[in-house]
Amino acid sequence: MSMNTEIAIVGGGIGGLTLGLKLARANIEVLVLEKLDAPSSVYKGELLQPKSLKIFKRLDALDVIRENGFSFSRIAFEEGEKEFAMDYSILPGEYDYSLMIEHEKLKGILLKRALRYPSFHYLSGTLAKEYDNGELIVKRKDVKEQLTVKADFFIGAEGRNSITRKVMNSKIKKIEYNHQFLTVTFPRPQSLEEGKIISKDERFLGLFPLPDAKVRSVYLIPEGTYKKHLQKGIHHFHKNYLELLPELEGYVTRLKNWKDIQLMIPTAFYADKYVDGRLAILGDAAHTVHPMAGEGMNMAIQDADILGELLAEMYTSGRISPDKLKWYEKVRKPRAENMISLSHLSAIAYSYSNRVITGIRRKGLKQIERDKTLQYKQMLNVSGLGYWPESLWDRLIQAGMLPARRPELSAADKSHYFYTEKDDYPWKKVEQYDK
Ligand SMILES: Cc1cc2nc3c(=O)[nH]c(=O)nc-3n(C[C@H](O)[C@H](O)[C@H](O)COP(=O)(O)OP(=O)(O)OC[C@H]3O[C@@H](n4cnc5c(N)ncnc54)[C@H](O)[C@@H]3O)c2cc1C
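Residues numbered from 1 in each chain as written. Predicted model: local features only at pLDDT ≥ 70, side-chain atom pairs only at ≥ 80, totals over all residues. Heavy atoms only, no water.

**Regarding the UniProt feature "domain: FAD-binding" (unreviewed entry) in the protein**
Under the local residue numbering, the UniProt record ascribes the feature "domain: FAD-binding" (unreviewed entry) to residues 5–341. Secondary structure content for residues 5–341 is 30% helix and 32% strand, and the end C-alpha separation is 37 Å. (UniProt positions renumbered as here; feature names shortened; annotations may be inferred. Helix = DSSP H or I, 4+ residues; strand = E, 2+ residues; numbered from the N terminus.)

Have a look at this one:
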């Protein structure tokens, strides 16, 4: 049996579904193939950064996402006795907050929206096995016969073990870390209404409020100690949390079973190419980041936005050419690599327990809070709304070797570093000249 479509997307994760929705809205025939046939219980990203919120607004999905999520703008960093804060509200404009939403809930919202469009098709329980002669061979659950998919373009949105990346012969560069995380959601005290990162000596606990009075937690453990934690039992797990935040008594203690707690192994990699002929990869297929900065899912959404806009324009203008896919790589690859570096730096700051690193981290946080330019750069770069690279001067301020710049930035200074339409979709300008 064979199927024809304009665009085939392998993988119905956040990246594949965002792209599918975007293409369906442009009346493009799109087929999403997803190997799972039920929601997954594996923990994946839940924090939406401001740029993702902006993208969902354009896809007419932000209202329903807000109804099902929990928004906050401040993340407090407790370092021993000291507290510092990072605040999205420093960003000008309406996207000055982040939002936590359960991963499967967000997928459900995107899928439901996309299914409203007749040109959107979704096959669950469908494993993409391999590419053969420019076609995709897929196997459907409980169906003996294989299915062949023919398409103008194939997009690999199938996560870390991407078969599309392999057939493109795109090589990856990997970064490994010396720590892992335990992660679990549990009920939260009402007072926990903003992000909180607590670090004490070698210990780290991140808490991010979810709707329905729940909180997502991540607790850092050194590599190779997972079994020891398991053996010590659930009470020891409670004790670790309570030592860092006693207010969690009566909340974290409601966890009765280790089965609810997942081990999360951070890695980071990036592929050397995102496009090859009629193939392209996005999201975790093209890059993964350390989860510290909460960016992985957002990068998949941002890839989908740029690639979707490009493909939509090709089909609406009737000028369909694989060569144009290079625009997508040109915009997204450097941005993704910047984000990997930023997440990597944040991870390094929490990777070592010795006093020198802890001291540098504390100093850095203090200086970021004092120095309005550093603070703005940090929040802007994390938000995805723009990029303002950090200079040597910034680093010296962060290290406490130069004084903090206290004056607030002007609105014009702030907006200057926002991505414009031309930065996001640069081919539009060039193509206008071509006409
Ligand atoms: C434990 C963990 C914690 C994370 N924490 C955060 C966080 O706090 N914040 C954040 O922003 N990001 C986080 N991330 C990263 C984030 O979840 C990913 O970056 C994001 O989900 C990437 O989306 P994606 O659509 O590219 O890939 P995925 O979410 O991996 O989706 C890929 C989809 O493709 C399907 N698939 C795979 N192979 C095939 C095939 N051959 N045929 C058909 N279907 C296939 C899979 O079933 C899956 O549904 C975390 C990831 C993990 C694993």
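**Some thoughts on the site of the ligand**
Of all residues adjacent to the ligand, which total 29 residues, the nearest are Gly-15, Glu-34, Lys-44, Asp-284 and Met-297. With respect to the ligand, the backbone of Ile-14 contributes an N or O atom lying 3.4 Å from an oxygen atom. The contact in question runs from an oxygen atom of the ligand to an N or O atom on the side chain of Tyr-43, over 3.2 Å. When the ligand sits alone it has 1000 Å² of accessible area, and the protein chains cover 89% of it. Of all the elements in the fold, those that place two or more residues in the shell around the ligand are helix H1 (14–25), strand S9 (126–132) and helix H8 (296–317). If one sorts the elements of the shell around the ligand by residue count, H8 sits on top with 4 residues. (Near = heavy atom within 4 Å. Polar contact = N/O pair within 3.5 Å; in protein donor to acceptor, adjacent residues only side chain to side chain. Areas by Shrake-Rupley, 256 points an atom, 1.4 Å probe, with all protein chains shown as cover.)

**Points about the sheet that holds strand S18 (residues 267–271)**
Strand order across the open sheet formed by 3 strands is S12-S18-S21, with antiparallel pairing between neighbours. Strand pairing shows two members of the sheet lacking a second neighbour, strand S12 (172–176) and strand S21 (287–288), which therefore form its edges. Note: S18 against S21, 2 bridges, orientation antiparallel. Opposite Phe-269, over in S21, you have Thr-288 as the bridge partner. The sheet strands contacting helix H9 (residues 326–349) are S12, S18 and S21, and the helix crosses S18 at an angle near 160°. (Pairing = 2+ DSSP bridges. Contact = heavy atoms within 4.5 Å. Axes fitted to C-alpha atoms, helices over the stretch in contact; angles between N-to-C directions.)

**Here we look at the packing of H1 against helix H4 (residues 103–114)**
At a minimum axis separation of 9 Å, H1 and H4 run at an interaxial angle of 20°. With respect to H4, the element H1 is oriented roughly parallel. Along this stretch, H1 crosses H4, giving a crossing that reads as left-handed. Facing Ile-14, Leu-17, Thr-18, Leu-21 and Ala-24 of H1, the residues of H4 in contact are His-103, Leu-106, Lys-107, Leu-110, Leu-111, Arg-113 and Ala-114. Here the residues of the contact of H1 with H4 are counted per class, giving 8 nonpolar, 2 polar and 2 charged. (Parallel < 35°, antiparallel > 145°, perpendicular 65-115°, else oblique. Left-handed = near helix turned anticlockwise from the far one by under 90°. Nonpolar A, V, L, I, M, F, W, Y, C, P; charged D, E, K, R; others polar.)

**Details of the side chain of Arg-335**
Here Arg-335 is to be found in helix H9. Judged by relative accessible area, Arg-335 falls into the buried class, the value being 13%. Within the structure, the side chain of Arg-335 is placed 3.2 Å from the backbone oxygen of Asp-423, a separation counted as a polar contact. For Arg-335, the contacting residues outside a window of four places in its chain are Tyr-419, Asp-423 and Asp-424. (Buried < 20%, exposed > 50% of the residue type's maximum accessible area, 1.4 Å probe, protein only.)

**What about the domain arrangement of the protein?**
Under the domain assignment used here, the protein contains domain 1 (2–46 + 102–175 + 267–343), domain 2 (178–264) and domain 3 (352–421). Each of domain 1 and domain 2 was reduced to a C-alpha centroid, and the two centroids are 32 Å apart. Counting residues at the interface gives 8 residues for domain 1, matched by 9 residues for domain 2. Summed over both partners, the interface of domain 1 with domain 2 comes to about 790 Å²; 60% of that surface belongs to carbon and sulfur atoms. A per-residue breakdown of the area domain 1 buries against domain 2 is headed by Tyr-43, Glu-102 and Met-292, which together make up 61% of the total. If you look at where domain 1 meets domain 2, you find 2 salt bridges. Here Lys-214 makes a salt bridge to Glu-102, at a shortest N to O gap of 3.2 Å. Summed over the shared surface of domain 1 and domain 2, the number is 5 residue pairs in polar contact (both at pLDDT 80 or more). Broken down by class, the residue content of the side of domain 1 that touches domain 2 amounts to 4 nonpolar, 2 polar and 2 charged. (Domains from an automatic or database assignment. Buried area = accessible area lost by both parts, 1.4 Å probe. Salt bridge = Lys/Arg side-chain N within 4 Å of Asp/Glu carboxyl O.)

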